[in-house]
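# Structure at a glance
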Amino acid sequence: MGTKYVFPILLHDELTPNQIENRKTKVLKNYNKDLKTIAELA
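Attention in this report is confined to the structure presented alongside it.

Conventions used here
- Residues numbered from 1 in each chain as written.
- Predicted model: local features only at pLDDT ≥ 70, side-chain atom pairs only at ≥ 80, totals over all residues.
- Heavy atoms only, no water.
- Helix = DSSP H or I, 4+ residues; strand = E, 2+ residues; numbered from the N terminus.
- Buried < 20%, exposed > 50% of the residue type's maximum accessible area, 1.4 Å probe, protein only.
- Areas by Shrake-Rupley, 256 points an atom, 1.4 Å probe, with all protein chains shown as cover.
- Lys, Arg positive; Asp, Glu negative; His and termini not counted.
- Charge placed at Lys NZ, Arg CZ, Asp CG, Glu CD.
- Salt bridge = Lys/Arg side-chain N within 4 Å of Asp/Glu carboxyl O.
- Patch = residues over 30% accessible without salt bridge, like charges linked within 9 Å, V, L, I, M, F, W, Y side chains within 5 Å.

This part is about the overall build of the protein. The number of helices and strands found in the protein is one helix and zero strands. A principal-axis box enclosing the C-alpha atoms of the protein has dimensions of 40 × 25 × 10 Å. Taking all 42 residues of the protein together, the buried fraction comes to 5%. If you sum the accessible surface of the protein, you get close to 4,100 Å²; carbon and sulfur atoms cover 59% of it. For the protein, the separation between the mean place of its 7 positive charges and that of its 5 negative charges on side chains is 4 Å.

Enumeration according to the criterion identifies one salt bridge in this entry. Lysine 24 is the salt-bridge partner of glutamate 21, the closest N and O atoms lying 3.1 Å from each other. In this pair, glutamate 21 and lysine 24 are both assigned in helix 1 (residues 17-41), three residues apart and thus about one turn of the helix distant. For lysine 24, a relative accessible area of 36% translates into the label partly exposed.

On to a nonpolar patch on the surface, then. A cluster of nonpolar residues, Val6, Phe7 and Tyr31, forms a patch on the protein surface that exposes about 340 Å² of accessible area. Overall, the relative accessible area of 33% leaves tyrosine 31 in the partly exposed class.

Written out as structure tokens, the structure is:
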């Protein structure tokens, strides 16, 4: 599926604004955790 986003985390059109915020928060937390691990390894 093609998308204009680099990280397509919001592909469901039926999400409520609250669900969108929750999804963004959860994904951002995971990305930051993974980036911290990469920084420690570097």
